[in-house]
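The residues making up each chain are set out below.
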Amino acid sequence: MPETADKQIVYMDAVLTPNDSLSDRAFILVMAAIAGISFVTGMMFLAMGAAPVAGFFGLDALALYLAWRWHRKRRAERTRVRITADQLGLHHTDRRGREKTAQLPSAFARVMLDTPVTHASQLRIEHGHTAYVIGRFLTPDERASLADALRGALQKARAERHGTPPVLSSD
């Protein structure tokens, strides 16, 4: 397991990001195909005398492009979770670049996941009366897997803190 500068073992250091639907190259290919089809179809309607229809084909292509740009901004969201024996660190950057940070004692942090796990379920890290929701953009299976990994890392961190030597594995 990796260690920090002050020789603490890091039990988890994960960066959560939204899934990407298309690469930049794939998007260019899709937009080129849409633009080509819109242009040819628009010219056919223009030749038949239905000039306004050609403009609507251009508006469709523009709407798809703007939706993609909105999606790309949303993809900039990131959450970093870092667990050591002393603390659980959360660092979240939203799509506008605003940052929020929280440091919780790993001995008292709890991982809670709403059940049954659905798209509306929340994965929370709780401490006292405060809860931090993480991984809103994850699928239900990814949320459940992350909750299990967080619980395992916290359990190992607590074991080290209470004098039980950590079990080092190759995973």
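Keep in mind the model is a prediction, meaning the values are calculated, not measured.

Quick notes on the rules
Residues numbered from 1 in each chain as written. Predicted model: local features only at pLDDT ≥ 70, side-chain atom pairs only at ≥ 80, totals over all residues. Heavy atoms only, no water. Helix = DSSP H or I, 4+ residues; strand = E, 2+ residues; numbered from the N terminus. Expected span 1.5 Å × (residues − 1). Buried < 20%, exposed > 50% of the residue type's maximum accessible area, 1.4 Å probe, protein only. Arc of directions from axis to C-beta. Contact = heavy atoms within 4.5 Å. Polar contact = N/O pair within 3.5 Å; in protein donor to acceptor, adjacent residues only side chain to side chain. Pairing = 2+ DSSP bridges. Axes fitted to C-alpha atoms, helices over the stretch in contact; angles between N-to-C directions.

Novice: Tell me what's going on with helix α3 (residues 140-161), and back it up with residues and numbers.
Specialist: At 3.6 residues per turn, the α-helix brings residues three or four places apart onto the same side. Counted at 1.5 Å a residue, the expected span for α3 with its 22 residues is 32 Å, and the 31 Å between its end C-alpha atoms agrees. P140, R143, L146, A147, L150, A153, L154 and A157 are the residues of α3 that are buried. Relative to the axis of α3, the buried residues are bounded by an arc of 145° and lie together on one face. Projecting away from the buried face of α3 at angles above 90 degrees are the exposed residues D141, D148 and Q155. Looking at the buried positions of α3, the neighbouring elements they touch are β1 (10-16), β2 (78-84), β3 (87-93), β5 (110-113), β6 (123-127) and β7 (130-134).

Novice: I'd like a rundown of the environment of L113, residues and numbers included.
Specialist: You can see L113 is positioned in strand β5. According to the relative accessible area criterion, L113 is buried, its value standing at 15%. For the pair formed by L113 and D148, sequence separation is 35 residues and the distance between their alpha carbons is 9.7 Å. Apart from the residues within four sequence positions on either side, L113 is in contact with Q122, L123, R143, A144, A147 and R151.

Novice: Please provide a residue-by-residue account of the side chain of T79, values included.
Specialist: Residue position: T79 is located in strand β2. In this structure the side chain of T79 is engaged in a polar contact, spanning 2.7 Å, whose partner is the side chain of H92. Beyond its immediate stretch of four places on either side in the chain, T79 contacts A14, V15, L16, H91, H92 and I134.

Novice: A description of the sheet that holds β1 should follow, citing residues and the corresponding values.
Specialist: Taken in spatial order, the four strands line up as β1-β2-β3-β4 in an open sheet, and their pairing is antiparallel. Strands at the two margins of the open sheet, each flanked by one partner only, are β1 and β4 (99-105). Sheet twist, expressed as the average angle between the axes of neighbouring strands with direction ignored, equals 5°. Sheet topology places β1 next to β2; six bridges connect them, and they run antiparallel. Bridged to M12 within β2 is I83. In this fold α3 packs onto β1, β2 and β3, with an angle of close to 155° to the strand it touches most, β1.

That is the geometry; function is a separate question.
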